[in-house]
Structure formats: C-alpha cells, structure tokens
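# Geometric and topological summary
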Amino acid sequence: MDVIGENLKNIRLSLKLTRSEFAKDVIDGSYLAHIEKNKNEIRAIDLVEILEQNNISLMEFLSSFGEVKEKNRIYEEKASKAFFGGDVDTLTDMLENSAYPGLIIRQVVSLMRDKLTNHEASFPKKFKTMIKRFLFSVDCWNNDCLWIIANSFEIFAPDEIYSIIILILRNYTDFEDYTDRKIKLLAEIVTNFLELYANSKVSSWKIKHAFSYIEKMPSRPIIFYEKARVAYLKAENCYNKEKSTIIGKILDYIH
C-alpha cells in the first residue's frame, strides 16, 4: 500500500503544523489533504521540496516506511485474530483508539466488525467504493492489499471477484520466494473464492485452476487449514462423501 501520504500526515502532525503551513509555497493544503488520504499522488519534486523546507532529509523520510509497514502488519494480524475469535470489543477498540494504520485498512476492520454484529448490509457504499477504487488503482498488490482483499470479499460483485482471482492465479505463482504471510493471504483469498463458487455455475476452468493453485502451494504449516478446507471443497465438488466426511472432522477439530 502506498504509505507516502500516511507518512507525510504523521510527520506534519508531529510538527504540529496545519496542511497549509506544512506544504507552504509547494502545493495547497486541500491537495495535501488528498495526498494524506492516498487519494492523490505527489510529484517527487514536490515531496522533496516539502521535506526540505521542514528540515527533513529524504533518507529520514524513507527510513520510516519499514516502521509503517510493520505497524500495518501488527494491526492487520490483530484484527484477523479478533475476527476469527468473534471478538467485537477488540475490533471496536482498534477502530477507536489505534493511531494506525491508513484509512483503507481501518475501513476493512470496520467491515469485519459489521460482519460479526450482522450489520454488514449497512456498511457504507462510499467506503466500499473507496476500497475498490484503491485496490484497482494499484499495479502490484503487496501484503496490505492482499489482506484487504481477503477480508472484504463481500463488497465485490461476482465479475470483480473473477478479475481478482484471474490476476492472482496468473501473476502470484512464485511460491518459493514468498514469505509465510504472503502465502497465507493468497491461500485465504483463493479459498474464499472456492467457498463461494465451487458449487456454482462459474466457469469450470476458473474453479479447476483455483483448486490447482492451492494444491501447488508449498506444504507450509501456516496454510494447513486452507489446504484442508480446499481438499474438503474438492471432495464435495466431486461427490466424494467419504473423503469429505473425514476431512470435515479434521476441520472441526482444528478450527
């Protein structure tokens, strides 16, 4: 996820400056507001000028990227744990009291809370549009983007889900080069897709390739559940009642 805007906002707030004061004579405050919300990009020359006039070196600015990414990871993993544990209070506390992460990730956490409280249907349309617009404007999805997709399937129309799955099946196949977290997120996305469409009228080649994708993933402990879940879905899809029953018992035990 693009964190330039988020970094600029955090620096500006730490200096206790208004947007107009922070970006004086470079860009106007209203445009900076859009940059901080990751709605607009900032030109490199403008970024450098803003940093220089606030006595911040480019190296100092770039060094904070790793910190933001790590905070995003911690926030996302905490949200996922709370969601799967049905912990509405933790999700609420994260939304009300956490300084991180960016707006899009917070919106997804809000959606997760709504799903647990059965208020998913009331999730604002403008937030759905914002999440989609962000994801479809990014050329290459990083872990933050993949986490957003894995936890917001409900907001996408079927044709949008198909586009996401096709892109993942074709472009995210270097499994041996991926971290456990990236492998886990990809497995979650494809498993979510199969749970929704394995027994529907979706093109059979999409289903077949999705099953194959999970089967080709390395046998890492981090995705044991997803592999088992997909094996169960495939057994169901092939009307193998005996196998699906056995796998179902395993899933009940580990979930």
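Our structure is the block above this text.
Residues numbered from 1 in each chain as written. Predicted model: local features only at pLDDT ≥ 70, side-chain atom pairs only at ≥ 80, totals over all residues. Heavy atoms only, no water.

## A closer look at the overall build of the protein chain
Counting secondary structure elements, the protein chain contains 15 helices and zero strands. On the principal axes, the C-alpha backbone points of the protein chain span a range of 70 × 35 × 30 Å. A burial count over the protein chain gives 45% of its 255 residues as buried. For the protein chain, the share of sequence-separated contacts (at least 6 apart) that also reach a separation of at least 24 residues comes to 62%. Surface accessibility of the protein chain: about 14,100 Å² in total, with carbon and sulfur atoms responsible for 52%. If you average the places of the 36 positive and of the 37 negative side-chain charges in the protein chain, the two averages end up 5 Å apart. (Helix = DSSP H or I, 4+ residues; strand = E, 2+ residues; numbered from the N terminus. Buried < 20%, exposed > 50% of the residue type's maximum accessible area, 1.4 Å probe, protein only. Contact = heavy atoms within 4.5 Å. Areas by Shrake-Rupley, 256 points an atom, 1.4 Å probe, with all protein chains shown as cover. Lys, Arg positive; Asp, Glu negative; His and termini not counted. Charge placed at Lys NZ, Arg CZ, Asp CG, Glu CD.)

## Some remarks on helix α8 (residues 103-116)
If you check α8, its first and last C-alpha atoms are 20 Å apart, about what 14 residues at 1.5 Å a residue would give, namely 20 Å. For α8, every residue scored as buried is listed here: Ile104, Ile105, Gln107, Val108, Val109, Ser110, Leu111, Met112, Asp114 and Lys115. A positive phi of about 60 degrees marks Asn118, the residue just after α8. (Expected span 1.5 Å × (residues − 1).)

## A closer look at the packing of aromatic side chains
This structure, assessed with the given rule, holds seven aromatic pairs. On the basis of an interplanar angle of 75 degrees and a centroid distance of 5.4 Å, the ring pair of Phe83 and Phe84 is categorised as edge-to-face. Look at Phe83 and you get buried, because its relative accessible area is 18%. Residue Phe84 is classed as exposed on the basis of its relative accessible area of 56%. (Phe/Tyr/Trp six-rings, centres within 6.5 Å; stacked < 30°, edge-to-face > 60°.)

## Re the layout of surface pockets
Rolled over the atoms, a probe sized like a water molecule indicates the empty space that remains. By volume, the largest pocket is sized at about 770 Å³. Together, 28 residues line the largest pocket, and Phe84, Asn151, Glu188, Asn192 and Glu226 are the ones closest to its centre. The residue inventory of the lining of the largest pocket, partitioned by class, reads ten nonpolar, six polar and twelve charged. (1 Å grid on protein atoms, 1.4 Å probe; cavity = no way out; pocket = protein on both sides within 12 Å on 5 of 7 lines; lining within 4 Å. Points joined across faces, edges and corners; volume = space filled by probe spheres on them. Nonpolar A, V, L, I, M, F, W, Y, C, P; charged D, E, K, R; others polar.)

## Section: unusual backbone geometry
The phi dihedral of Asn55 is positive, around 60 degrees, even though this residue is not glycine. The backbone of Asn118 shows a phi angle near 60 degrees, a positive value even though the residue is not glycine. By the element assignment, Asn118 lies in the loop between α8 and α9 (125-137). Given the relative accessible area of 71%, Asn118 is considered exposed.

## Comments concerning a negative patch on the surface
A contiguous patch of negative charge on the surface is contributed by Asp87, Asp89, Asp93 and Glu96. As for its position among the elements, Asp89 is in helix α7 (residues 88-97). Asp89 gets classed as exposed once you look at its relative accessible area, which sits at 63%. (Patch = residues over 30% accessible without salt bridge, like charges linked within 9 Å, V, L, I, M, F, W, Y side chains within 5 Å. Salt bridge = Lys/Arg side-chain N within 4 Å of Asp/Glu carboxyl O.)

## Observations concerning a positive patch on the surface
On the surface, Lys9, Lys37, Lys39, Lys126 and Arg133 cluster together into a patch of positive charge. Assignment of secondary structure puts Lys126 in helix α9. On the accessibility criterion, Lys126 (59% relative accessible area) is exposed.

## Concerning the side chain of Glu188
Inspection of the secondary structure puts Glu188 in helix α12 (residues 180-197). Of the side chains with opposite charge, Lys184 lies nearest to the buried Glu188, which makes no salt bridge, at 4.3 Å.

## A short note on the packing of helix α1 (residues 4-14) against helix α3 (residues 29-36)
As a packed pair, α1 and α3 sit with axes 7 Å apart at the nearest point and diverge in direction by 120 degrees. In terms of their interaxial angle, α1 and α3 are classed as oblique. Contacts between α1 and α3 involve Gly5, Glu6, Leu8, Lys9 and Arg12 from the first element and Leu32, Ile35 and Glu36 from the second. Its residues assigned to classes, the contact of α1 with α3 comprises three nonpolar, one polar and four charged. (Axes fitted to C-alpha atoms, helices over the stretch in contact; angles between N-to-C directions. Parallel < 35°, antiparallel > 145°, perpendicular 65-115°, else oblique.)

## Digging into the environment of Met217
Within the element layout of this structure, Met217 appears in the loop between α13 (204-216) and α14 (224-237). Judged by its relative accessible area of 3%, Met217 is buried. Separated by 33 residues in sequence, Met217 and Lys184 have C-alpha atoms that sit 10.0 Å apart. Ignoring sequence-local partners within four residues, the contact set of Met217 consists of Phe175, Ile183, Leu186, Ala187, Ile223 and Lys227.

## With respect to α13
With 13 residues, α13 extends 18 Å between its outermost C-alpha atoms, agreeing within 8% with the 18 Å of an ideal straight helix rising 1.5 Å per residue. Contact partners of the buried residues in α13: α11 (158-171), α12 and α14.

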